[in-house]
Amino acid sequence: MAWALKLPLADEVIESGLVQDFDASLSGIGQELGAGAYSMSDVLALPIFKQEESSLPPDNENKILPFQYVLCAATSPAVKLHDETLTYLNQGQSYEIRMLDNRKLGELPEINGKLVKSIFRVVFHDRRLQYTEHQQLEGWRWNRPGDRILDIDIPMSVGIIDPRANPTQLNTVEFLWDPAKRTSVFIQVHCISTEFTMRKHGGEKGVPFRVQIDTFKENENGEYTEHLHSASCQIKVFKPKGADRKQKTDREKMEKRTPHEKEKYQPSYETTILTECSPWPEITYVNNSPSPGFNSSHSSFSLGEGNGSPNHQPEPPPPVTDNLLPTTTPQEAQQWLHRNRFSTFTRLFTNFSGADLLKLTRDDVIQICGPADGIRLFNALKGRMVRPRLTIYVCQESLQLSEQQQQQQQQQQKHEDGDSNGTFFVYHAIYLEELTAVELTEKIAQLFSISPCQISQIYKQGPTGIHVLISDEMIQNFQEEACFILDTMKAETSDSYHIILK
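Only a predicted model underlies this, so the values are computations on that prediction, with no experimental measurement involved. Each residue is numbered by its place in its chain's sequence as written, counting from 1. Two thresholds apply to this predicted model, a pLDDT of at least 70 for residue-level local features and 80 or more for giving and counting side-chain atom pairs, whereas whole-chain, interface and lining totals are computed over all residues. In computing side-chain properties, one takes all heavy atoms of the structure into account and sets aside hydrogens as well as water.

Undergrad: Could you give me a rundown of the packing of helix α9 (residues 362-369) against helix α10 (residues 371-381), with the residues and numbers involved?
TA: The description of two helices packed together rests on the angle between their axes and the distance between the axes. Here, axes are lines fitted to C-alpha atoms. For helices the fit covers the stretch in contact, and angles between N-to-C directions go from 0 to 180 degrees. Under the DSSP-based scheme used, a helix requires at least four consecutive residues in state H or I and a strand at least two consecutive residues in state E, with every element numbered from the N terminus. For the pair α9 and α10, the least separation of the axes is 7 Å and the interaxial angle reads 135°. Comparing their axes, α10 and α9 come out oblique. Between α9 and α10 the crossing geometry is right-handed. Contacts between α9 and α10 involve R362, V365, I366 and C369 from the former and P371, D373, G374, I375, L377, F378 and L381 from the latter. Charged means Asp, Glu, Lys or Arg here, nonpolar means Ala, Val, Leu, Ile, Met, Phe, Trp, Tyr, Cys or Pro, and polar covers whatever is left, Gly included. Its residues placed into classes, the contact of α9 with α10 shows 8 nonpolar, 1 polar and 2 charged. Any angle that is under 35 degrees is reported as roughly parallel, and any over 145 degrees as roughly antiparallel; angles of 65 to 115 degrees are reported as roughly perpendicular and all others as oblique. Here a crossing is taken to be left-handed if its near helix is turned anticlockwise relative to the far helix by less than a right angle, and right-handed if that turn runs clockwise. Contact between two residues is taken to exist if any of their heavy atoms lie within 4.5 Å; hydrogens are not considered.

Set out below in structure tokens:
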């Protein structure tokens, strides 16, 4: 049976917190884009520029979400009215997050009596760190071997089933729970905000994080992949007792302000209500499974021709493009902005479809988002790709020879009719960015759908047929769009192979 939120707060305080959190976007929007700051056309008459009591679309004003997550930690009083709430946490301390079922009668009946899965993440709030998240987390792992960024305090948690923490994802935990039963999960964040701050002269401010919760229901195959709801909040993590001291300092600063200045800031709420957000984008992994074994000294590597023949391995799929289309709906446009690291501006473009966004000029986007993010968003909207530093084309020798024989047979058959046909070979493009032998090895291995470890050396055939070992300097002197014939030869002392560029 669903249970309602019962907190030691007055109803009007909770309602105020919900409206405030839902009306807020990522930190800084209120400062950067104030009312009347820009002179835009009617097309760009965004809700945030209107001085109204509520600037949310009418259909979202009374929207009741199917779930609600409440972090039992007080928000900071030093947050301006139009900014997102900020909550201070102590490193390693257990904090309760209440998982509440807010469904109306008859809503989502397919999950009645069933479990749902929630995935918790601690991620970076700043875009600067989002760009280098992998490197940041790997650096933290190196400095804190054996530690995790996020953990569940299982003995204190209530109603969670099958909690899991992936050893390779230090900032993620997941579990199953029944919305009809009381569920509270206690989380512990072990990293502190100043661990990801550039050290300069001491006293640097810590970076903010986000706690995001994504909830999924079970599909017909028994997998929890159908998205139900996502919400997040902004936090900062301090050394033990540091969050209490910071909260006290903020409160004392606010007490010294005049009543007029206090009106510009939010009150401090006893709990933090996570606000609805876009789901965390799923990562697609490329299958690099090795191809079948080799049967001769000259290998039977097979490059895909796209002809569906069972004798050919398919070509590795090209990188997935994520260009915005004119037919994109406003909801899909919001997801596109989130996937491309423009979450800060999702609220600004709430009602914008793909066609609306694509009509914006470069100056429009820069005026709305600022120079740095404006240029990045404009390039993303136009689908501008960064050109590789070097492009070369390769064709497998065995395939070339077999095709040449086929072409010769066809020419002989058509010779009596006076028809002539040139030899047709299929080449594959390899794009290089770093211009190193290691990168070339990886790209050729990807083309063959094998592991780079199976390629021992790469040679280039030189004068009089000599084999010259490929080096970084040699690759840097390759001509743009040079063409090579690939030949493979089994290594003498191992199961790997040599690649020869002719």
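Having seen it, we continue.
Undergrad: So what about the sheet that holds strand β16 (residues 467-469)? Which residues, and what values?
TA: Paired strands, as defined in this entry, are two strands with at least two bridges between them according to DSSP. Strand order in the open sheet made by the 6 strands is β14-β13-β17-β18-β15-β16, with mixed pairing throughout. For this open sheet the edge positions go to β14 (428-432) and β16, each flanked by a neighbour on one side alone. Each adjacent strand pair in this sheet contributes to an overall mean axis angle of 40°, direction not counted. Alignment of strand β15 (residues 455-461) against β16, held across 3 bridges, turns out to be antiparallel. When the sheet's bridge partners are listed, Q461 is paired in β16 with H467. Contacts between helix α12 (residues 437-448) and the sheet are confined to β13 (390-396), β14, β15, β17 (482-490) and β18 (497-501), with β14 contributing the most and set at about 150° to the helix.

Undergrad: Summarise a positive patch on the surface; cite the residues concerned and give the values.
TA: By definition, no residue in a patch forms a salt bridge, and every one has over 30% relative accessible area; like charges are joined within 9 Å, nonpolar side chains (Val, Leu, Ile, Met, Phe, Trp, Tyr) within 5 Å. Here the open area of atoms and residues is found with the Shrake-Rupley method and a 1.4 Å probe, where only the protein chains shown may cover a residue. We define a salt bridge as a contact between a side-chain nitrogen of Lys or Arg and a carboxyl oxygen of Asp or Glu at a distance within 4 Å. The sign given to each residue is positive for Lys and Arg and negative for Asp and Glu; His and the chain ends receive no count. Taken as the charge location is NZ of Lys, CZ of Arg, CG of Asp or CD of Glu. Judged by side-chain charge, K80, K205, K253, K256, R257 and K264 come together as a positively charged surface patch. You can see K80 is positioned in the loop between β1 (67-71) and β2 (86-90). A residue is classified by how much of its surface remains accessible, and K80, at 37% relative accessible area, is partly exposed. Think of it in three bands: residues with accessible area under 20% of the maximum for their type are buried, residues over 50% are exposed, and the middle band is partly exposed, with areas taken using a 1.4 Å probe on protein chains only.

Undergrad: Lay out the side chain of T346 with the relevant residues and their values.
TA: Topologically, T346 is positioned in the loop between α7 (330-339) and α8 (354-358). Not counting residues within four places of it along the chain, the set of residues in contact with T346 comprises Q334, L337 and H338.

Undergrad: Which residues make up unusual backbone geometry, and what values do they have?
TA: Here the phi dihedral of D162 falls at roughly 55°; this positive angle occurs in a residue that is not glycine. By the element assignment, D162 lies in strand β6 (residues 160-164). At T464, a position not held by glycine, the phi torsion is positive, near 55°. Along the chain, T464 falls in the loop between β15 and β16. For T464, a relative accessible area of 82% gives the class exposed.

Undergrad: An account of the sheet that holds strand β5 (residues 150-152) is needed here, citing residue identities and associated values.
TA: Read across the open sheet, the 5 strands follow the order β5-β8-β3-β1-β11; overall the sheet is antiparallel. Looking at strand neighbours, the two that pair on one side only are β5 and β11 (272-273), the edges of this open sheet. Relative to strand β8 (residues 183-189), strand β3 (residues 95-101) runs antiparallel, the two being bridged by 5 bridges. In the sheet register, E96 faces β8, and the bridge partner there is F186.

Undergrad: Got a sec to walk through the pattern of salt bridges? Specific residues and values, please.
TA: Scanning all chains against the criterion turns up 16 salt bridges. The partner of R210 in a salt bridge is E84, and the shortest N-O contact between them spans 2.7 Å. With a gap of 126 residues between them, R210 in strand β9 (residues 209-218) and E84 in the loop between β1 and β2 connect regions that are remote in the sequence. Taking relative accessible area as the criterion, E84 reaches 6% and is therefore assigned buried. Between E138 and R141 there is a salt bridge whose closest N-O contact spans 3.4 Å. With E138 and R141 both in helix α4 (residues 133-143), this residue pair falls 3 residues apart, about one helical turn. Sharing partners across several salt bridges, the network here consists of E110, K217 and E226.

Undergrad: An account of the nonpolar core is needed here, citing residue identities and associated values.
TA: Put simply, a nonpolar core is a bunch of buried Ala, Val, Leu, Ile, Met, Phe, Trp, Tyr and Cys residues held in one set by side-chain atoms that sit within 4.5 Å of each other. By size, the foremost hydrophobic cluster in this structure holds 41 residues, and its most contacted members are L71, I97, M99, F120, V185 and F209. The element contributing the most residues to this core is strand β10 (residues 224-238), with 5 residues. The residues contacting L71, other than those within four sequence positions of it, are T87, L89, Y95, E96, I97, C233, I235, T271, T272 and L274. One finds I392, A482, F484 and L486 within the second-largest nonpolar core, a separate group that totals 23 residues.

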